[in-house]
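What the coordinates show
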Amino acid sequence: NPIKLCGFQAPDPQPIPSSTTNDIIKTGPVAFCAAAAHSASVFALGGDPLFGQIVKAGEPVLSAVVNTIFYASPPSVAKACCLPLIVGGVCFASMKADPITGGDVFK
């Protein structure tokens with residue numbers, strides 16, 4: 001009910017989710033990879049900000065690899081088709097002008 005989202009009515013009570021030790025252990029690889037991706041992006045932003053954006057664009061690829069290897073859940077075909085567009089689009093947008101050709105990258 002959208003009225004509850006706006007705060008006009010009290011929300012319905014929900015049960016507290018239960019987590020087992022096995023559930024918490026399974027989040028370890030994701031936590032490690034998320035920390036590594038964040039560390040890499042912070043390190044990259046220390047140099048060239050454009051390179052940092054390319055590293056951040058690669059995070060969905062890392063997520064797809066982790067899900068495939070550790071959780072046996074590869075991305076759907078539609079998601080896999082979107083990954084090159086995401087990374088390639090950011091790479092293309094981050095391209096610098098070539099000083100030799102006067103700004104045209106493809107000459």
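In case you missed it, the structure is sitting above this.
Notes on the structure follow. (Residues numbered from 1 in each chain as written. Predicted model: local features only at pLDDT ≥ 70, side-chain atom pairs only at ≥ 80, totals over all residues. Heavy atoms only, no water.)

**Topic: the overall build of the protein chain**
When its secondary structure is counted, the protein chain shows 6 helices and 0 strands. Each helix and strand of the protein chain, ordered N terminal to C terminal, gives the series α-α-α-α-α-α. Looking at the protein chain as a whole, 9% of its 107 residues qualify as buried. In the protein chain, the share of contacts with a sequence separation of at least 24, taken over all contacts with a separation of at least 6, comes to 42%. Summed over all atoms, the accessible surface of the protein chain reaches about 8,200 Å², with 70% contributed by carbon and sulfur. (Helix = DSSP H or I, 4+ residues; strand = E, 2+ residues; numbered from the N terminus. Buried < 20%, exposed > 50% of the residue type's maximum accessible area, 1.4 Å probe, protein only. Contact = heavy atoms within 4.5 Å. Areas by Shrake-Rupley, 256 points an atom, 1.4 Å probe, with all protein chains shown as cover.)

**Quick word on unusual backbone geometry**
Located in the positive-phi region is A72, a residue other than glycine, with phi close to 50°. Along the chain, A72 falls in the loop between α5 (59–71) and α6 (77–93).

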